[in-house]
Amino acid sequence: MSGLVIRGGDLCSSAVSGSFDLRCEHGKIVAIDREIRPEPGDRVFDASGLLVVPGLIDVHVHFRDPGSPERESFLTGTAAAASNGVTTVLEMPTSDVPVTTAARLERRGRHLSGRSFIDFGLYAGAGHSSLDEVESCARAGAIAFKTFTHRPQPSRAAAFEGMWAVTEPQLFQTMSAVAATGRVHAVHCENDRLLEHFAAESADRPGFGERHREARPPVVEDSAIAMVGSLSLTTGARVHLVHVSTARGVDLADGLRRAGADISVETCPHYLLLDQDTLDRYGSFAKCNPPLRAHDVRRSLLDRLRHDGIDIIASDHCSYTTEELGHHAEDPCGALPGLPGIEFLMPSLLTIAREPDQALVDVIAKMTSRPARRFGLEGKGDLVVGNDADLAVVDPRAAVPFAADAGFLAQGSRNAVYLSEVDLRGRAVATFVRGNAVFSDGAVVGSPGHGQWIRGAGTGRSPR
Ligand SMILES: [Zn+2]
């Protein structure tokens, strides 16, 4: 069978960095060497002057398929992901209907199997009202579990049903149930009672931005991290803290780790690239939970990234229609939270790596080898002989300015105006999933049935 040879590229991964050729066959990497002579029938890709990195693994996306086709689908979301060098996504369980039973997980996996350009895993939701379903969801192949520590806003209650645990006893029970499966437990940390308190306190603040951030100050997040982390010490939960937005949250996780907790920390490009000025400027189009923070908080988060307090970077991609975002332009409580970042993920990552003292190889690892190891994605996340040939070829210098009228693949991308002032650089030139091109020459070239559903298996006691 003919293979694929990628020649002349600058490899950048945890296992190997430098100028190497790479040969793939039967969907696997079969050779990495200074110079590889193609075999008859091989396709040769000239990567001279370009970076070659492992395909990105985005462990936190909300495409919601089949829940809200007017916002996003797996076809549009995974096409945009492929165009950014992403070869695996882990889809969150918030959808209509929410994924909190084995039957729903199975149905969703089958539905998405013909609709994904790239490989994917599915979370199941866990909460105090769905404790009895946790074990069967794990057996059905949930890659990990997701829990919210606060109640959803009323307009979103249906999509979050069965995946929140607010009080300490509810959290303890939920974390114990997930710990018994051995799977990673992703937790959205914001303290419900403090949210209620600060929402009331901030009700008369002027301006969308000020009201949103004062309703959700860092202590709301920090206190939930401390609670979840300390419960993990007793329950044995393998906690994954999603979208941590402050250095103090990272430091708390660090302290809990030293006390014996099994915790990984995730943050998102928007917390590393943007601050509250962007929230003030773009209002409902820059609303996410937790909110974009003050400038000095962003600087210290970058510092923790450099010192490895942060394990994983993920997009937390989340789309709404332009009309939905405009509808609550004056109402921070009613506005829908979440930013549509996946179509800008590769340039965001490379732009973060250009910040002072960041090392490109370490930043890349937080979207490749680190998530693969944490979530037990075998054969993924690194440039190693025997691994899946999941690869991204990248032009690190290409400028990628945001323009609202550009042709986008993901439906939500046109609303990513919050990126308007970021000097984004670095574009995927080609993306390969298990040796097959899914994106090349500026176009998605794969077929939507190519992506495989990766089911979680075993107890997955993989290290941080
Ligand atoms: Zn999310």
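The structure under discussion appears in the preceding block.
Peer 1: Help me out: how do you make sense of the pattern of salt bridges in this one?
Peer 2: Pairing between side chains of opposite charge can happen when the charged atoms of each approach one another. One pass over the structure, following the stated rule, counts 37 salt bridges. Between Arg23 and Glu39 there is a salt bridge, and its shortest N-O distance comes to 3.4 Å. On the criterion of sequence distance, the pair formed by Arg23 in strand β2 (residues 17-25) and Glu39 in the loop between β3 (28-33) and β4 (43-46) is long-range, its members being 16 residues apart. The exposure class assigned to Arg23 is buried, which follows from its relative accessible area of 5%. On the accessibility criterion, Glu39 (44% relative accessible area) is partly exposed. When the shortest N-O distance is used, the salt bridge between Asp42 and Arg23 registers 2.7 Å. Separated by 19 residues along the polypeptide, Asp42 in the loop between β3 and β4 and Arg23 in strand β2 bring together distant segments of the chain. Here the salt bridges share partners, and the residues they tie into one network are Lys28, Asp119, Lys380, Asp388, Asp390 and Arg434.

Peer 1: I tried to follow the coordination of the zinc ion on my own but got confused; where do I start?
Peer 2: Tetrahedral coordination by four donors sets the ideal angle at the metal to 109.5 degrees; octahedral coordination by six donors sets it to 90 or 180 degrees. The zinc ion binds to the protein through His60 (NE2), His62 (NE2) and Asp316 (OD), with metal-donor distances spanning 2.0 to 2.2 Å. Along the chain, the residues that donate to the zinc ion are spaced as H-x1-H-x253-D. Here Asp316 lies in the loop between β13 (312-313) and β14 (317-318) and His60 lies in strand β6 (residues 56-62), a separation of 256 residues in the sequence. Like Asp316, His60 is buried.

Peer 1: So what exactly am I meant to see when it comes to helix α6 (residues 192-201) here?
Peer 2: Two residues of an α-helix separated by three or four positions point the same way, owing to the 3.6 residues in each turn. Buried residues of α6: Asp192, Leu195 and Phe198, and no others. The buried side chains of α6 occupy one side of the element, clustering within an arc of 130° when seen end-on. Structurally, α6 contributes buried residues whose contacts are with α7 (208-215) and α8 (218-235). Between the side-chain oxygen of the N-cap and the backbone nitrogen of Arg193 there are 3.0 Å, and the N-cap of α6 in question is Asn191.

Peer 1: Even after reading the chapter, I still don't get the sheet that holds strand β11 (residues 238-241), so can you show me in this structure?
Peer 2: Across a sheet, paired strands are connected by hydrogen bonds in the backbone, their directions being either parallel or antiparallel. Spatially, the nine strands line up as an open sheet ordered β13-β12-β11-β10-β9-β8-β7-β6-β14, and their pairing is parallel. For this open sheet the edge positions go to β13 and β14, each flanked by a neighbour on one side alone. Pairing analysis gives three bridges linking strand β8 (residues 119-125) to strand β9 (residues 144-148), with the strands arranged parallel. The residue of β9 that forms the bridge with Tyr123 is Ala144. Along the sheet, helix α9 (residues 247-258) contacts β11 and β12 (262-267); its crossing angle with β12, the most-contacted strand, is approximately 165°.

Rules of the game
- Residues numbered from 1 in each chain as written.
- Predicted model: local features only at pLDDT ≥ 70, side-chain atom pairs only at ≥ 80, totals over all residues.
- Heavy atoms only, no water.
- Salt bridge = Lys/Arg side-chain N within 4 Å of Asp/Glu carboxyl O.
- Helix = DSSP H or I, 4+ residues; strand = E, 2+ residues; numbered from the N terminus.
- Buried < 20%, exposed > 50% of the residue type's maximum accessible area, 1.4 Å probe, protein only.
- Donors = N, O, S within 2.8 Å, 3.2 Å for Na, K, Ca; no water.
- Arc of directions from axis to C-beta.
- Contact = heavy atoms within 4.5 Å.
- Polar contact = N/O pair within 3.5 Å; in protein donor to acceptor, adjacent residues only side chain to side chain.
- Pairing = 2+ DSSP bridges.
- Axes fitted to C-alpha atoms, helices over the stretch in contact; angles between N-to-C directions.

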